[in-house]
Every structure is written in structure tokens, then in C-alpha cells.
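Understanding the architecture of this molecule
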Amino acid sequence: LLLLVPMIAPNHRLPNEGWIKRHHLLQSLVAGLVLTSLINQSRGFSSTLIFSLRLSSHRSHLHLNRSFHPTNGGTLSQNGSRKKEAERVGLRSKWDDLGDEDEFENEGPPIPRDMKYIERNVLRQSQNFVAIREATGPELTNDVYVRDPCTSIFWFVGKVARVSDVSAEQAVARQWPLIEQHARRLRPIELYPKKGTDALQIWTAPGDSELDVAYNRPHVQLKKMKPDSETPGSKEVRAIEIGFQGEVYQQNEEGFRTIRTEDGRPANPEVQPASETRNPTDAEMKKIQEMLDGKDLNDMFGE
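Structural notes, computed from the coordinates. Note that this is a predicted model, so its numbers are computed, not measured.

Pairs may arise between side chains of opposite charge once their charged atoms sit close together. Counted by the stated rule, this structure contains 14 salt bridges. Of the charged contacts in the structure, one is a salt bridge between D114 and R174, with a shortest N-O distance of 2.7 Å. Taken as a pair, D114 in the loop between α3 (79-88) and α4 (119-136) and R174 in helix α5 (residues 168-174) lie far apart in primary sequence, 60 residues in all. Two residues, R217 and D212, come together in a salt bridge whose shortest N-O distance is 3.9 Å. Through salt bridges with shared partners, one network takes in R133, D143, K159, D208 and E210.

Written out as C-alpha cells, the structure is:
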């Protein structure tokens, strides 16, 4: 009826210009609603589109949900139907259902909640490492390397610490998911694409032995670790009894790596440092002086 008013009485004088503006605005709104209804009905939906805002209990931002009512009168209340229908019309993505503790690639056994690679776990284990390290020193720490079995490159990814009642094998096995995921993100090209339970290997070296490893010292042999399913007693270890501090690259840093054999020994010859020079000690100067006493330096040097 509103659309026909100008056609019925085109020459009639309307009360005022404000009424005319409101009329044209209402006319456009009605036309838009009609067009929207036709589009929705052609896609199998009614014209009702409900937007609801909900505040997530574990996030600080708002999620925008769209709920559709199908033309058959039933509401899409089941998650599977809602997801399928929403994906059909392009309103959902694979990231919509990710929570804070969702894992991107968990193809192995279930991961303990306190060892999932999320911020609070990473921060807690790093703080545990610092506390244990300050109390015990390097004796109860180990350097950690991760390797793709298809290569001979061992990437340094961080350090683990433990109390005296926990072995290095148990400390690594208990924190295996945390270490593995940190390595994947530290080396996204070399390690991240590797999938599966046995896709990556974790090895350890004595604490603070990076220099000896870099120089290929033959007495430093890396030791292969096993996951918690193959390490007795690792599941009983409490998170507070162990720690892991992951390696962090500075700007343009390439990362420390070493080439090793299958048993963790250096694959290349030992690097010999350049000869060092120093000033002679007082005792050495005195001995030299005694050797030179009473001798002609010209005769000694053939002059």
C-alpha cells in the first residue's frame, strides 16, 4: 500500500516535507525487506535472521553467532546440523570451534592438560625451570635437541630441569608434548610438517654443554629419550618437580644445530680452537733470565 500511495495520488499535496522524507525512507525499507525475504526463501531459509552476541566465559572478546530458522518450522538446534548448514552458506570456518586448549595436531595418545602447549603451561614450566636451576645448578639440567629422523640435524630447542628424585628420562617424557610442540613452532619449516607419534625424536646432552657440542668434542654424546608410554614412572612425576625453558630466537638468528650420527656422536671431526697467546708468568720470566745469563745474544741468533 505504501508503494502505491504516489501512484494513487501523485498530485495531492502532502502535509509537509518531513512526512515525505519519512515516507520515502519507509518505502525503501519495505523494498529491502521484500528483496531479503525473496533471497532467503530461494536458499531454503525464512526471512528471520537472528544475530546474538554472547560473552565467552574463557575469552575477553565477543562472539557473533548467526542462527537460522528453516522453512519447515524446525530450529537447527543440533550442533552437527547447524555447522553443516552454516558452512553451506559460508558463515563458518574451521577456526570457529577452537578453544584455548585445542590442539592443532594431536594424532597420538591423549595429552595431559598440564602439558598442552598453551600459554599458562609454557609459562609455569619455564618458571619451574628457573626455580630448580637456581636451587640445584647445572647438575640437574639437560640441554634438549629435537631431530627429524629423516635427517642428521639435531636442533637445540631448550633445556629441562628436575629435582633429584626425577631422572632426565622422566623429566623429558613427562614434558614430551610441550617440548615437541615448542620445537615445531621454533622450526616451522623443518619440524612443523612432521606428523605422527614417532615423527620427531628428542635427545638430551649434559646441561650447558652447547660449546662442547659445537666443537664436536668426542666425550659429549647425545642420548635418545622415550615418550611417557615407554618411560616407567614418568606419569607420576608432578609438574612442579620438573621444568622446561624453550629456546627463543632473537632477530635474524639462525638457531643452533649439530650434525650427529644415529647414536648421538659427532658426525664431523673435532674442531680445534685457534692457538692462544698469553704473557709469560713471573716464574717463566725468571727461568728465561737464568738461561740467558752469561750468554751473548748475538752468538745465540747467529749474528
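So, next bit.
Moving on, we come to the nonpolar core. Ranked by size, the top nonpolar core spans 23 residues in total, and within it V146, V157, V172, I179 and I202 carry the most contacts. Those elements that provide at least two residues to this core are β3 (141-147), β4 (153-162), α5, α6 (176-186) and β7 (242-246). Broken down by element, the residue count for this core peaks at five residues, all from α6. The contact partners of I179, leaving out residues within four places of it in the chain, are V144, V146, V157, V160, V172, I202 and F244. Core analysis: the second largest hydrophobic core is formed by eight residues, Y145, W203, V220 and L222 among them.

Quick look at the packing of aromatic side chains now. Counted according to the given criterion, the structure contains four aromatic pairs. Between Y145 and F156, the aromatic rings sit 5.5 Å apart at their centres with planes inclined by 65°, giving edge-to-face as the arrangement. Here the residue Y145 occupies a position in strand β3, and F156 occupies one in strand β4, the gap between them amounting to eleven residues. Classification of Y145 by relative accessible area gives buried; the value is 0%. Here a set of aromatic residues connected by ring pairs shows up, and it is made of Y145, F156 and F256. Lying over the aromatic face of W155, R187 brings its terminal NZ or CZ to 3.9 Å of the ring centre.

Another point: α6. By the criterion of burial, α6 is predominantly enclosed, with ten of the eleven residues buried. Those residues of α6 not exposed but buried are W176, P177, L178, I179, E180, Q181, H182, A183, R184 and L186. Contact partners of the buried residues in α6: α4, β3, β4, α5, β5 (201-206) and β7.

Turning to the pairing of β4, a few remarks are in order. Of all ten residues in β4, nine are buried; the element is thus mostly enclosed. Where β3 lies against β4, seven bridges are found, and the strand directions are antiparallel. Bridging across to β4, D143 finds its partner in K159. Remark: five residues form the turn of the hairpin made by β3 and β4, two consecutive strands paired antiparallel. The pairing of β4 with β7 spans five bridges and is antiparallel. Among the inter-strand pairings, A161 is bridged to a residue of β7, identified as G243.

Analysis parameters
Residues numbered from 1 in each chain as written. Predicted model: local features only at pLDDT ≥ 70, side-chain atom pairs only at ≥ 80, totals over all residues. Heavy atoms only, no water. Salt bridge = Lys/Arg side-chain N within 4 Å of Asp/Glu carboxyl O. Helix = DSSP H or I, 4+ residues; strand = E, 2+ residues; numbered from the N terminus. Core = buried A, V, L, I, M, F, W, Y, C linked by side-chain atoms within 4.5 Å. Buried < 20%, exposed > 50% of the residue type's maximum accessible area, 1.4 Å probe, protein only. Contact = heavy atoms within 4.5 Å. Phe/Tyr/Trp six-rings, centres within 6.5 Å; stacked < 30°, edge-to-face > 60°. Lys NZ or Arg CZ within 6 Å of the ring centre and 35° of its normal. Pairing = 2+ DSSP bridges.

Note that all results are geometric; they support no functional claim without further evidence.
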